[in-house]
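Chain and residue survey
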Amino acid sequence: MSNSLTAAPPRWVIPAPKKNLIVGMGDMLASNDASAQLVTYSLGSCVGVTIYDPVARVGGMLHAMLPDSTINAERAANRPNMFVDTGLPAMFHAVYALGGWKQRVVIKMAGGAEFLDQNKVFNIGNRNIEAVVTMLARNGVTLKASATGGHESRTMRLDLTTGSVTLDMPGRKALSL
């Protein structure tokens, strides 16, 4: 046994915290930074959609507020990620530009709640969900998992190392999609 006071090599290492790349409302982000996670907050009637290629380890996240850009062409030109019909293709193209392949991507969705419109006058949450599902089907891409509807806000996280998607909801345990 050594009488040395030098430190022994560690037997385990605590992983460094993930760097948060924040996706704002009506915005989109794609990244290949494996030390990061994409995060969006306050998914109410908005939908959050993630795309992840497990081989290239690239991913993207969209926080779309409305289903259809034709309601306001000027706003759609300035903020295309605000809308499902223009933001979703932009996110796919951004991930493909980073090396993602359509045949390998895993797509997940959350949000589409009706908590500000419980009488379903505008039905924005459901219309957002339908817009995503319709667009994916039209392009031959399958949604792997989703947690949509209801009356609660969600925070969505995409880990760019593993592709895991987690949801945080007030008063509930985190949910893995």
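The shown structure was predicted, so the numbers you read here are calculated from the model rather than taken from an experiment.

1. Description of the sheet that holds strand S5 (residues 58-64)
What the 5 strands build is an open sheet, ordered S2-S5-S4-S6-S7; its pairing is mixed. Each edge of the sheet is formed by a strand with only one pairing partner; in this case those strands are strand S2 (27-31) and strand S7 (143-148). Here the average twist between neighbouring strands, direction ignored, is 10 degrees. Relative to the sheet, helix H2 (residues 84-97) contacts S2, strand S4 (47-53), S5 and strand S6 (106-111), its axis offset from that of S5 by approximately 170 degrees.

2. Description of helix H3 (residues 124-138)
With 15 residues, H3 should reach 21 Å at 1.5 Å per residue; the first-to-last C-alpha distance of 21 Å fits that figure. Taken as a whole, H3 has its buried residues at Ile124, Gly125, Asn128, Ile129, Ala131, Val132, Met135 and Leu136. All buried residues of H3 fall inside an arc of 160 degrees around its axis, so they share one side. Residues of H3 that are exposed and point more than 90 degrees away from the buried face comprise Ala137 and Arg138. Those residues of H3 that are buried are in contact with S4, S5, H2, S6 and S7. Downstream of H3 by a residue or two, Gly140 has a phi angle that is positive, lying close to 70 degrees.

3. A look at the sheet that holds strand S10 (residues 175-176)
With respect to topology, 5 strands assemble into an open sheet ordered S1-S3-S8-S9-S10, the strand pairing being mixed. What marks the edges here is a single partner per strand, and that holds for strand S1 (19-22) and S10. Across 4 bridges, the pairing between S1 and strand S3 (residues 36-43) is parallel. Of the residues in S3, the one forming a bridge with Lys19 is Ala36.

Calculation notes
- Residues numbered from 1 in each chain as written.
- Predicted model: local features only at pLDDT ≥ 70, side-chain atom pairs only at ≥ 80, totals over all residues.
- Heavy atoms only, no water.
- Pairing = 2+ DSSP bridges.
- Helix = DSSP H or I, 4+ residues; strand = E, 2+ residues; numbered from the N terminus.
- Axes fitted to C-alpha atoms, helices over the stretch in contact; angles between N-to-C directions.
- Contact = heavy atoms within 4.5 Å.
- Expected span 1.5 Å × (residues − 1).
- Buried < 20%, exposed > 50% of the residue type's maximum accessible area, 1.4 Å probe, protein only.
- Arc of directions from axis to C-beta.

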